[in-house]
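Residue-level listing of the chains:
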Amino acid sequence: MAKAIGGKAATAPFSPHIHAPLTLHRIMWDVVIALIPATAAAIYFFGYNAAVVIGISVGTAVVTELVMNLILKRPISIADGSAVITGLLFAFNLPPSAPWYVTVFGSMFAIAVVKWAFGGLGHNIMNPALGGRVFVLAAWSGAMVNVWSPTVPTMMSKGLSFMQASDVIIEKVPYVTNQVYSQISQISNTVQTNILTNQVTVDMITGASPLGSLKSMYETMSQATNAVQAVSHASHVAPKMAYSYWDLFIGNVPGCIGETSALAILLGAIYLMWRKVLIPVLPVVYIGTAALLVWIFGGLPMGLGWFAGDPLYHILSGGLFLGAFFMATDYVTSPMSIKGTLIYGFLLGTLTVIIRLWGGYPEGVSYSIVFMNFFVPIFDRYLKPKIYGKGKAAVLVKGGAK
Amino acid sequence: MELKHFTKGGVHPYDSKYTSEKPITNAHLPKQVRIPMNMHIGAPAKVLVKAGDKVEEGQLIGEAVGFISANIHASVSGTVIAVEKADTLVAKGVDYVVIETGGSIRNWYDKKFDYSKTPPEKLLEMVKAAGVVGMGGATFPTHVKLSPPKEKQMDIFIVNGAECEPYLTIDHRTMVEKPDAIIEGVNIIKKILGVKRVMIGIEENKPDAIEAISKASEGDPSIEVYALRTRYPQGGEKQLIQALTGREVPSGGLPSDVGIVVQNVATIFAIYEAVVFQKPLIERGLTYTGEQIEMRGNYKVRIGSPVQELINEFGMPAEHGTVIAGGPMMGLELTDMKFPVTKGTSGIVVLPKKKDYAVNDYPCIRCGRCQFVCPIGLEPWYLKTLTDKSLIEEAVERGLLDCIECGSCSFVCPSTIPLVAMFRFGKGFWRRKQAAAAKQAG
Ligand code: SF4
Ligand code: SF4
């Protein structure tokens, strides 16, 4: 082999001597660009604090990356964009009211522990952003899931300014109009029943994200034993009633910072597909499986029977799009082979639906992904592509065609 | 027309075929040639001359020893000024015969040999005598390839006109300019092999070559011409066989295992000249090219011409990137311009600086691109992990030895990991280990 001489050590002294234009840095920064629509939507729907949380999270991630580089004596890797992505995705998984310390420690944990304890980029066995989320969920569950406020545009339509609306979100003050205040205080103990009987609408009383409201509805109804027959007619439309599909699609619903707008996430995903960074096989299988299973089983917890679920409501809510397009597809923590990808996507969809319909949390996406991440090495070990010359075609004609 | 193609992987580098319109012209006779005695796979040739000898163009100066070996002839008339040892791109301490040019230039083309009554064995002898080797890069002695073991019956002869390497256009030009010679060469090979069916595969980005060859073979039902999808490495033997016949060469096997012999266009042309004009392989066509080369083109060059001579004649900017013998996907970097053109040199490609790419120690991000483009169906990222950990045995189990070193994986790897280079080291390591084990076993 030809040796590199005369200061050429930095270039390739061996073939190939040319390279495709797509590089690590370009891929990573493309992902950052693809997350811009979701970032913008987050600020639009959840006010200035969303920007603050995102800023803190990204800043912490980048600084932590730098510190880890220095501690571990690795080349400085902040320019590759991967820390920015983790910071963004972690922020997307926080509620808009997340206190600064939750943001800082979660983001730090994601980079320092989930990413670098395993050797840095390419070696982590779990998606760092989701690892961070699981960590803060365990450490500060109170700050993570409880009361959700309506979105900024909703409140603005009721006469608040952007700043006022943003303040309401940070304080987690359920926002109500004067007209319905008395009504709500009367019914505060029977909120769930009232949802079912259509007396109030969710954006006025607040308290639950779309999936949360769906979940409480299941519970109420399953408790209602005989009464359930009475409401079962109404409950055909009940899950739909909570939020319109359009609101769900554009993201005008309470929820985590970056996961609510299916539209913004899709825009980013389309950009990535156009840039050939993302092949949508996994998201399609994941979302498709979830939709199918929700349609088949979704009605069961509500006593509606088979094939009565509402797949559209489910796939548009609860971060499924964010999870499917930006978390499950994370290069490092997803299987390599097409076969593996298909099975992986199917299992993710199944797990998500199981958790959503029967599990203890309304949200199944992040748990499914984190859980499945652990099995990726097994996928990679046993699902290998067929090697040329080792298959049937080779054996068939072996020995020369006669 | 339906395009034939191999089934899995492949890349499509920007093909940079700047010289496909440039007719093949003769390069100047070099002042001096340096002819290495090891231009082919197998045993080096035995030197037959010594310093001070006068040699004639076409005179045998290196004799094939053993079965897998090839004759070497003086490419110019002149005086041997030295027989010295030096390195080639692939081997160390090889005998070089250095000839100072001077004396008569021979005309090989005044009379044609009628081979129609010559028996196949005699034709094979002629090919062997002329020192023909595979000129597409592998440089395997051609007479060996043309005499497959008797127990294997050959039924198809494939002409490799794919020329899928970016930049190179010499095969393309040969097909456009000498289609009749190619077809005649094909007929000679048909006779030697005794096959009834010939398949010619040409990438669709050379429509004029497809047309010329189709026309030249018109009326011969045994010759089929196919357009191939433009996709690297379409010209890889295994890929070409799969694309044209659907057969797969078994892992570790040879094309003859599936009844097929493949030769590339340049080799067929050399066979034609060897038989019809009894001209040994003393010159070859090559593409001298690069973005910054003004006189880029396709040239006939004497074997042994130092690359420096070509640089003097056709120019090379002071500021440039890598200089490659062969194509940019599989060629070797030239570090010393004294290196001679050999029988396997299909081109000299001068890359501009920006097209050079830096090899980095970025981590594998498991993006899967390498696996996606591997035409063999290997998992380069996995093989890399295994070779990193020196788990060569496991890597071999996972197909390391099946790697054809096409470079597609390195080409696309966003982390610019030198995957192919690692596999080459891995394979070498494995072979040495096997050899050592065999030796111990006695
Ligand atoms: S160099 Fe080897 S591993 Fe890489 S793509 Fe080609 S055959 Fe596959
Ligand atoms: S292309 Fe490079 S970075 Fe991507 S999986 Fe293969 S080795 Fe890893």
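Residues numbered from 1 in each chain as written. Chains lettered and ligands numbered in written order. Predicted model: local features only at pLDDT ≥ 70, side-chain atom pairs only at ≥ 80, totals over all residues. Heavy atoms only, no water.

1. Notes on the overall build of chain B
Item 1. Counting its regular elements, chain B contains 13 helices and 17 strands.
Item 2. The C-alpha atoms of chain B give a radius of gyration of 21 Å, which matches the 22 Å a tight globule of 442 residues would have.
Item 3. For the C-alpha atoms alone, the extent of chain B along its principal axes is close to 60 × 55 × 50 Å.
Item 4. For chain B, the proportion of its 442 residues judged to be buried stands at 61%. (Helix = DSSP H or I, 4+ residues; strand = E, 2+ residues; numbered from the N terminus. Rg over C-alpha atoms; globule rule 2.2 N^0.38 Å. Buried < 20%, exposed > 50% of the residue type's maximum accessible area, 1.4 Å probe, protein only.)

2. Some remarks on the packing of aromatic side chains
Item 1. Across all of its chains, the model carries 21 aromatic pairs over all chains by this definition.
Item 2. Taking the centre distance of 4.9 Å and the plane angle of 75° together, the rings of Tyr 109 of chain B and Phe 277 of chain B count as edge-to-face. You can see Tyr 109 of chain B sitting in the loop between strand 8 (94-101) and helix 1 (120-129) and its partner Phe 277 of chain B sitting in the loop between helix 7 (265-276) and strand 13 (283-289), a full 168 residues away along the chain.
Item 3. Owing to a relative accessible area of 12%, Phe 277 of chain B belongs among the buried residues under this scheme.
Item 4. With 5.8 Å between their ring centres and 85° between their planes, Tyr 272 of chain B and Phe 277 of chain B make a pair best called edge-to-face.
Item 5. Among the residues examined, Tyr 272 of chain B registers a relative accessible area of 9% and is labelled buried.
Item 6. Three or more aromatic residues joined by ring pairs make a cluster, and in this case those are Trp 100, Tyr 101, Phe 105, Phe 109, Phe 135 and Trp 140 of chain A.
Item 7. Between Arg 106 of chain B and the ring centre of Trp 108 of chain B, over which it is positioned, the NZ or CZ distance is 3.8 Å. (Phe/Tyr/Trp six-rings, centres within 6.5 Å; stacked < 30°, edge-to-face > 60°. Lys NZ or Arg CZ within 6 Å of the ring centre and 35° of its normal.)

3. Here we look at the pairing of strand 12 (residues 260-264) of chain B
Residue and element names in this part refer to chain B.
Item 1. In terms of burial, strand 12 is largely enclosed, as five of its five residues are buried.
Item 2. Of the two faces of strand 12, the one holding Ile 260, Val 262 and Asn 264 and the one holding Val 261 and Gln 263 are both buried throughout.
Item 3. Here five bridges tie strand 9 (residues 156-161) to strand 12, and the two strands are oriented parallel to one another. Looking across to strand 12, one finds that Asn 160 is bridged to Asn 264. (Pairing = 2+ DSSP bridges.)

4. Let's talk about the pairing of strand 8 of chain B
All names here are of chain B.
Item 1. The pairing of strand 2 (residues 32-36) with strand 8 spans five bridges and is classified as antiparallel. Counted as the bridge partner of Arg 34 is Val 98 from strand 8.
Item 2. Looking at chain direction, strand 7 (residues 78-86) and strand 8 are connected through eight bridges and run antiparallel. The residue of strand 8 that forms the bridge with Glu 84 is Tyr 96.

5. Thoughts on the layout of surface pockets
Item 1. Of the volumes computed, that of the second largest pocket is approximately 1300 Å³.
Item 2. Along the walls of the second largest pocket sit 48 residues, with Ile 279 of chain A together with Gly 368, Arg 369, Phe 372 and Val 373 of chain B positioned nearest its centre.
Item 3. Contributions of two or more residues to the lining of the second largest pocket are made by helix 18 (281-297) and helix 21 (338-358) of chain A together with helix 9 (369-373) and helix 12 (408-412) of chain B.
Item 4. By residue number, the principal contributor to the lining of the second largest pocket is helix 9 of chain B, which donates four residues.
Item 5. A breakdown of the residues in the lining of the second largest pocket according to their chemical character gives 25 nonpolar, 11 polar and 12 charged. (1 Å grid on protein atoms, 1.4 Å probe; cavity = no way out; pocket = protein on both sides within 12 Å on 5 of 7 lines; lining within 4 Å. Points joined across faces, edges and corners; volume = space filled by probe spheres on them. Nonpolar A, V, L, I, M, F, W, Y, C, P; charged D, E, K, R; others polar.)

6. Overview of the interface of chain B and chain A
Item 1. Across the contact, 70 residues belong to chain B and 52 residues belong to chain A.
Item 2. Interface area for chain B against chain A, summed over the two sides, is near 5200 Å², with a carbon-plus-sulfur share of 58%.
Item 3. Counting every contact that joins chain B to chain A gives four salt bridges.
Item 4. Here Glu 394 of chain B ties to Arg 381 of chain A by a salt bridge, and the two come within 3.5 Å at their closest N and O atoms.
Item 5. Of all the secondary structure elements, the ones that give two or more residues to the side of chain B that touches chain A are helix 6 (237-245), strand 16 (332-333), helix 9, helix 10 (380-388), helix 11 (392-397), helix 12 and helix 13 (419-441) of chain B.
Item 6. When residues in the side of chain B that touches chain A are grouped by element, the largest group, four residues, is from helix 13 of chain B.
Item 7. Here the residues of the side of chain B that touches chain A are counted per class, giving 33 nonpolar, 20 polar and 17 charged. (Contact = heavy atoms within 4.5 Å. Buried area = accessible area lost by both parts, 1.4 Å probe. Salt bridge = Lys/Arg side-chain N within 4 Å of Asp/Glu carboxyl O.)

7. Focus: the nonpolar core
Item 1. Formed by 85 residues in total, the largest nonpolar core has its most connected members in Leu 89, Phe 92 and Phe 326 of chain A.
Item 2. The contacts of Phe 92 of chain A, once residues within four sequence positions are left out, are Leu 35, Ala 38, Thr 39, Ile 54, Cys 256, Ile 257, Gly 258, Glu 259 and Leu 322 of chain A.
Item 3. With 43 residues, the next largest nonpolar core counts Leu 124, Met 135, Val 186 and Ala 274 of chain B among its residues. (Core = buried A, V, L, I, M, F, W, Y, C linked by side-chain atoms within 4.5 Å.)

8. Examining the sheet that holds strand 3 (residues 46-47) of chain B
Item 1. Taken in spatial order, the three strands line up as 3-5-6 (chain B) in an open sheet, and their pairing is antiparallel. If you trace the sheet from one side to the other, it starts and ends with strand 3 and strand 6 (72-73) of chain B, each paired once.

9. Digging into the site of ligand 2
Item 1. Near ligand 2, the surroundings consist of Met 336 of chain A together with Cys 364, Ile 365, Arg 366, Cys 367, Gly 368, Cys 370, Trp 381, Cys 413, Pro 414, Ser 415 and Ile 417 of chain B.
Item 2. In terms of residue class, the shell around ligand 2 is built from nine nonpolar, two polar and one charged. (Near = heavy atom within 4 Å.)

10. Some words on the environment of Asn 264 of chain B
Item 1. In this structure, Asn 264 of chain B sits in strand 12.
Item 2. Spatially, the C-alpha atoms of Asn 264 of chain B and Ile 200 of chain B are 9.7 Å apart, while their sequence positions differ by 64 residues.

11. Regarding the site of ligand 1
Residue and element names in this part refer to chain B.
Item 1. Close to ligand 1 lie 14 residues, the nearest being Cys 374, Cys 403, Cys 406, Gly 407 and Cys 409.
Item 2. Of all the elements in the fold, those that place two or more residues in the shell around ligand 1 are helix 12 and helix 13.
Item 3. The class makeup of the residues in the shell around ligand 1 is 11 nonpolar, two polar and one charged.

12. Examining the environment of Val 359 of chain B
Residue and element names in this part refer to chain B.
Item 1. With respect to the helices and strands, Val 359 occurs in the loop between strand 17 (347-350) and helix 9.
Item 2. Of the residues examined, Val 359 reaches a relative accessible area of 24% and is grouped as partly exposed.
Item 3. As for Val 359 and Ser 415, which are separated by 56 residues in sequence, their C-alpha atoms are 8.3 Å apart.

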